[in-house]
Each structure stands twice: as structure tokens, then as C-alpha cells.
Amino acid sequence: MTAPRLHVIPAIGCHKALVLRRGPTDQVASLLWDRDSGAVALGQWLHGRIHEYRSDLSPDARHMIVFAGTGARWWTAISRAPWLTALSVRMQGDAWHGGGAFTPEGRIWLNGAEPLSDPPDGLRAAKVDAYPHATDGIHMGGLYLAMMGARGWTHAKGDACQAELVKPVADGWQVILRFEIGQKNRALISNRYVLMRSDGVEMPQPDWEWAEPWGGGLQLARDGALWFAKPGKDGLEELAQIHDFKGLKFVARPAPYAGVNR
């Protein structure tokens, strides 16, 4: 059985992160992960697709914005994390643009659209040029690269899917993020990670779906689970599982608040 795919979006201003668990192909679950304690709270499931590179979690982890669709219709939804029930929704007839991001100050920004005139739940709108607009987040626009820059990643070289992002780990180690198109059992565009020693030796990690420095080591996603490890002389050491997402199955769950109809 193929393990579910995981995409993690850390909050900029606190120790929580949004986890988007995809599997089977047309089912996605949203979960909120406490990166300190390891606790994971399930939000809701969607029969459809969430475009990870155009989705975001607010700095305080209270709200999220996702670009989602079923193939027949598409929408940008702002909700309370980790729930998918929309407090504000913007429908569109195709998958170009859509979604958005939060600025480091917590303002909400819409990709390919004018700022919201009346954001929900006390949120405030960001200026229309707070981030670069992108049709798909990476391939045709630098939205995702800018979002990662706000999280401390350095844009080392390249553009679009040829871009390379770098972030220090510990003891001279660095983690490099690259992108690939059309890889088996991955989304059309997927993350590819490399560990690099202080002497420049690269160690590709083809099974990682997400990785982020944390606590002198790395938190990472692979094989349908979250893990923590520290880099040693010859690679990762002290690999420990944080949470396994493979056993989850679709369950319809109402949000603990009233939303709006799509």
C-alpha cells in the first residue's frame, strides 16, 4: 500500500504547523501539529485536491488559507485551522491563481485577486503586492519561494522549478530544497531535499517530502510519518518517529463553528 503524501506548512510566529495529508488521491485531511509536544489534532477531510504551494497557515496558527478544488470547481477558502469549513470563500472557474498567504504580521493576501474588503474573524487584508502573484505557486510565479523566504530559507539560485533554497541546520550542516516535476507517487511538482555537510558533500534524501531545521536537528516527513533526526558525521542519527499518519481514513466531521456555503 502506498503511504499517504504529507505537506507541512509551519507557522512563522509559533511552534505549530499545518499538515496536509493526501491519500487516496482524491482525499485530503488537514491537521494541526504542535512541533514542541508532537500532538496532532485532526481538522476535516476533503474529497478533492488542495494545492499546497498556494496554501498557508497564519503566524499564530489560528487561521489558514487553502486553494482547493474537485476538478469541476475551484475555490480559495479562509478558515480556522485546522478546519476546512470556510469563513470566507472565493469561487473561480479554473485552477489558475487562487489561494494566498499570510504576511509575517498576520495580514491575509489573495493570489491573483484584489485584497478582501471585509476579511473574516478579525483578520486584516495585506496590500496587493505583499507577495508575487503566481498561477501555480512555483512554475509560473515566485509565490512559494517568497513564502519560504519569510520562513528563513535563502533563495540560493535559479528560478521557478529550477530554484534552490538553503537553510542552516547545525554544526555547519545545511538542508537544500529543490523541485522536480512528474516524479512517481508525488504531486506534479514536488519537493526534493539534500543534506550538505560543512565540506560541501551532498547527501540526497529522495524519500523526504518535507524537512525543516528544529532543535539542533531536523523535523521531516517521509513514508507517511513525521520524524526527528540530527545530522552526524555520515548523515542522520537518532531518527525518531513523531507521528504516523498512515492509519487515517476519511470521516465526515463538522467544524466547531458556522461557515459559508460554496
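Structure's up top.
Quick caveat: nothing in here was measured; it's all calculated off a predicted structure. (Residues numbered from 1 in each chain as written. Predicted model: local features only at pLDDT ≥ 70, side-chain atom pairs only at ≥ 80, totals over all residues. Heavy atoms only, no water.)

### So, the overall build of the chain
- In terms of regular secondary structure, the chain is built from 1 helix and 20 strands.
- The C-alpha atoms of the chain give a radius of gyration of 18 Å, which matches the 18 Å a tight globule of 262 residues would have.
- The C-alpha extent of the chain, read off along each of the three principal axes, is 55 × 40 × 35 Å.
- A buried classification covers 52% of the 262 residues belonging to the chain.
- Of the contacts made within the chain by residues no fewer than 6 positions apart, 41% connect residues no fewer than 24 positions apart.
- Summed over its atoms, the accessible surface of the chain is roughly 11700 Å², and 50% of this surface lies on carbon and sulfur atoms.
- Where the 29 positive side-chain charges of the chain centre and where its 27 negative ones centre are 5 Å apart. (Helix = DSSP H or I, 4+ residues; strand = E, 2+ residues; numbered from the N terminus. Rg over C-alpha atoms; globule rule 2.2 N^0.38 Å. Buried < 20%, exposed > 50% of the residue type's maximum accessible area, 1.4 Å probe, protein only. Contact = heavy atoms within 4.5 Å. Areas by Shrake-Rupley, 256 points an atom, 1.4 Å probe, with all protein chains shown as cover. Lys, Arg positive; Asp, Glu negative; His and termini not counted. Charge placed at Lys NZ, Arg CZ, Asp CG, Glu CD.)

### A closer look at the sheet that holds strand E3 (residues 27-34)
- Reading across the sheet, the 4 strands line up as E1-E2-E3-E4 and stay open at both edges, with antiparallel pairing between neighbours. Because the sheet does not close on itself, it has two edges, and the strands there are strand E1 (5-10) and strand E4 (40-47). Each strand of the sheet is rotated relative to its neighbour by a mean of 20°, with strand direction disregarded.
- In this sheet, E3 lies alongside strand E2 (residues 16-22) in antiparallel orientation, the contact comprising 7 bridges. The residue of E3 that forms the bridge with Arg21 is Ala29. (Pairing = 2+ DSSP bridges. Axes fitted to C-alpha atoms, helices over the stretch in contact; angles between N-to-C directions.)

### A look at empty space enclosed by the protein
- By the definition in use, this model includes 2 cavities of 30 Å³ or more.
- Its boundaries defined by the atoms lining it, the second largest cavity holds a volume of some 120 Å³.
- In terms of lining residues, the second largest cavity is bounded by 16 residues, among which Val8, Ile9, Pro10, Tyr144 and Met148 are the most central.
- Residue assignment for the lining of the second largest cavity shows that the elements contributing at least two residues are E1, helix H1 (143-149), strand E15 (189-196) and strand E17 (210-214).
- With 4 residues, the single largest contributor to the lining of the second largest cavity is E1. (1 Å grid on protein atoms, 1.4 Å probe; cavity = no way out; pocket = protein on both sides within 12 Å on 5 of 7 lines; lining within 4 Å. Points joined across faces, edges and corners; volume = space filled by probe spheres on them.)

### So, the environment of Gly69
- If you trace the backbone, Gly69 turns up in strand E7 (residues 63-69).
- Along the chain, Gly69 and Asp94 lie 25 residues apart, while their C-alpha atoms are 9.0 Å from each other.
- With residues near it in sequence (within four places) discarded, Gly69 still touches Gly48, Arg49, Trp74 and Trp75.

### Some remarks on the nonpolar core
- Judged by nonpolar contacts, the single largest core of 37 residues is most densely connected at Val19, Val175, Leu177, Phe179, Tyr193, Trp208 and Leu226.
- Leave out the neighbours within four places in its chain, and Leu177 touches Tyr144, Met148, Trp153, Ala163, Glu164, Leu165, Asn191, Arg192 and Tyr193.
- Judged by nonpolar contacts, the second largest core, of 18 residues, contains Ile9, Ala11, Leu18 and Met64. (Core = buried A, V, L, I, M, F, W, Y, C linked by side-chain atoms within 4.5 Å.)

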